[in-house]
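# Topology and contacts: notes
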Amino acid sequence: MDTIEILGLVAATLTTSAFVPQVYKALKHKSTADVSLTMYIVLLIGLILWIFYGVYHNSLSIILANVITGILALTMLILKLKHK
């Protein structure tokens, strides 16, 4: 694995982990009142496009970051709809 891909994996870990506290808080408090539904829908669409881009370029860091962030975003969307 080359240095730039390792850099990508570190960046992916940091940006993806930024969503974990929001998901944790929503699960713990069963409240998503302050979460924007539109933002997470747009984010999820963008993440899906990034996954296709990562697959096209065979970039593990792009694929992993966006699949994991997509799971977190989808979790938030489900929680937002569930706790409406």
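This text follows the structure it describes.
In this text the structure is predicted, and so the values were computed from the model without any measurement.

Under the criterion given, the structure shown has 2 aromatic pairs. Measuring from centroid to centroid gives 6.5 Å for phenylalanine 19 and tyrosine 40, while their planes differ by 75 degrees, and the two rings are edge-to-face. Placement of the pair is phenylalanine 19 in the loop between helix H1 (3-17) and helix H2 (20-29) and tyrosine 40 in helix H3 (residues 37-56), with a sequence separation of 21 residues. Since its relative accessible area comes to 6%, tyrosine 40 is described here as buried. Residues tryptophan 50 and tyrosine 53 carry aromatic rings whose centres are separated by 5.2 Å and whose planes lie at 85 degrees to one another, so their mutual orientation is edge-to-face. Here tryptophan 50 pairs with tyrosine 53, and both are found in helix H3, just 3 residues apart, close to one helical turn. Judged by relative accessible area, which is 45%, tryptophan 50 ranks as partly exposed.

All right, on to the environment of alanine 73 then. Following the sequence through the fold, alanine 73 ends up in helix H4 (residues 60-82). Sequence separation of alanine 73 and valine 42 is 31 residues, and the distance between their C-alpha atoms is 10.0 Å. Other than its neighbours up to four places away in sequence, alanine 73 contacts Tyr40, Leu43, Leu44 and Leu47.

Take the side chain of serine 59 next. The residue serine 59 is located in the loop between H3 and H4 in this model. Sequence-distant contacts of serine 59, defined by excluding residues within four places in its chain, comprise Glu5 and Gly54.

This paragraph deals with the nonpolar core. Counting 12 residues, the largest nonpolar core consists of Phe19, Val23, Ala26, Val35, Tyr40, Leu44, Leu47, Leu72, Ala73, Met76, Leu77 and Leu79. Every element with two or more residues in this core is listed here: H2, H3 and H4. The element contributing the most residues to this core is H4, with 5 residues. Beyond its immediate chain neighbours, meaning those up to four positions away, leucine 72 contacts Thr16, Phe19, Val20 and Val23.

For the rest of this paragraph, the subject is the side chain of asparagine 66. Following the sequence through the fold, asparagine 66 ends up in helix H4. The exposure class of asparagine 66 is buried, given its relative accessible area of 10%. Here asparagine 66 is in contact with Leu47, Trp50 and Ile51, once residues within four sequence places are set aside.

Conventions used here
- Residues numbered from 1 in each chain as written.
- Predicted model: local features only at pLDDT ≥ 70, side-chain atom pairs only at ≥ 80, totals over all residues.
- Heavy atoms only, no water.
- Phe/Tyr/Trp six-rings, centres within 6.5 Å; stacked < 30°, edge-to-face > 60°.
- Helix = DSSP H or I, 4+ residues; strand = E, 2+ residues; numbered from the N terminus.
- Buried < 20%, exposed > 50% of the residue type's maximum accessible area, 1.4 Å probe, protein only.
- Contact = heavy atoms within 4.5 Å.
- Core = buried A, V, L, I, M, F, W, Y, C linked by side-chain atoms within 4.5 Å.

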